[in-house]
Amino acid sequence: MDIEQVRTALLERKEELTERHGRIARKTRHRDEPLPQDFAEQAVELENQEVLEALDAEVADELRQIEHALARVESGDYPYCNACGEEIPAARLKALPTTSLCVDCATEAERR
Ligand SMILES: [Zn+2]
């Protein structure tokens, strides 16, 4: 596995997410503006806010995972399972670049 390639991919994803995070923040910024008079419009507006907030939470969550993965790249722990220390197969890391667990430990963690 080419760790430089992994780092580049993670950094690119991070940039993309940071950009999206900023875009969402700009859209949700106008919270103090009065709601439209029309009730149907109000409902749409509030629903949009909820969708945006959920989206933003998702983006923030993935950003945290990327940061975590990048830290693991820096420390050299990236290809190793956080729980058992076994090497995580490259195919799994390719499919799930931010995972820190091997399949066995991830299954175990999900069960708990
Ligand atoms: Zn493991």
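On a predicted model such as this, the values are computed, not experimentally measured, just so you know. (Residues numbered from 1 in each chain as written. Predicted model: local features only at pLDDT ≥ 70, side-chain atom pairs only at ≥ 80, totals over all residues.)

Caption draft 1: Broad picture of the domain arrangement of the protein. Here the protein is described as being made up of domain 1 (1-77) and domain 2 (79-112). One C-alpha centre belongs to domain 1, the other to domain 2; they are set 24 Å apart. The interface is formed by ten residues belonging to domain 1 together with seven residues belonging to domain 2. If you list the elements that add at least two residues to the side of domain 1 that touches domain 2, you get α1 (3-28) and α2 (39-75). For the side of domain 1 that touches domain 2, the element with the most residues is α2, which contributes five residues. Along the lines of polarity and charge, the residues of the side of domain 1 that touches domain 2 split into six nonpolar, two polar and two charged. (Domains from an automatic or database assignment. Contact = placed C-beta atoms within 7 Å. Helix = DSSP H or I, 4+ residues; strand = E, 2+ residues; numbered from the N terminus. Nonpolar A, V, L, I, M, F, W, Y, C, P; charged D, E, K, R; others polar.)

Caption draft 2: Spotlight on α2. With 37 residues, α2 extends 54 Å between its outermost C-alpha atoms, agreeing within 8% with the 54 Å of an ideal straight helix rising 1.5 Å per residue. Burial analysis of α2 places just three of its 37 residues in the buried class, a small minority of the element. Listing the buried residues of α2 in full gives V59, I66 and A69. The elements touched by buried residues of α2 are α1. G76 sits one or two positions beyond α2 and adopts a positive phi of about 85°. (Expected span 1.5 Å × (residues − 1). Buried ≥ 20, exposed ≤ 12 C-beta atoms within 10 Å, placed from the backbone.)

Caption draft 3: Quick look at the environment of A9. Assignment of secondary structure puts A9 in helix α1. C-alpha separation for the pair A9 and P97, spaced 88 residues apart in sequence, amounts to 8.8 Å.

Caption draft 4: Main features of the packing of α1 against α2. Where α1 meets α2, the closest approach of the two axes is 9 Å, and the angle between their N-to-C directions is 155°. Taken together, α1 and α2 sit at an angle that is classed as roughly antiparallel. Seen from above, α1 lies across α2 with left-handed handedness. Here the residues of the contact of α1 with α2 are counted per class, giving 14 nonpolar, four polar and eight charged. (Axes fitted to C-alpha atoms, helices over the stretch in contact; angles between N-to-C directions. Parallel < 35°, antiparallel > 145°, perpendicular 65-115°, else oblique. Left-handed = near helix turned anticlockwise from the far one by under 90°.)

Caption draft 5: Spotlight on the nonpolar core. If you look at the biggest cluster of nonpolar residues, it comprises five residues: V6, L10, I66, A69 and Y78. Contributing elements (two or more residues each) for this core: α1 and α2. Every residue in contact with V6, bar those within four places of it in the chain, is listed here: M1, V73, Y78 and P97. (Core = buried A, V, L, I, M, F, W, Y, C linked by C-beta atoms within 7 Å.)

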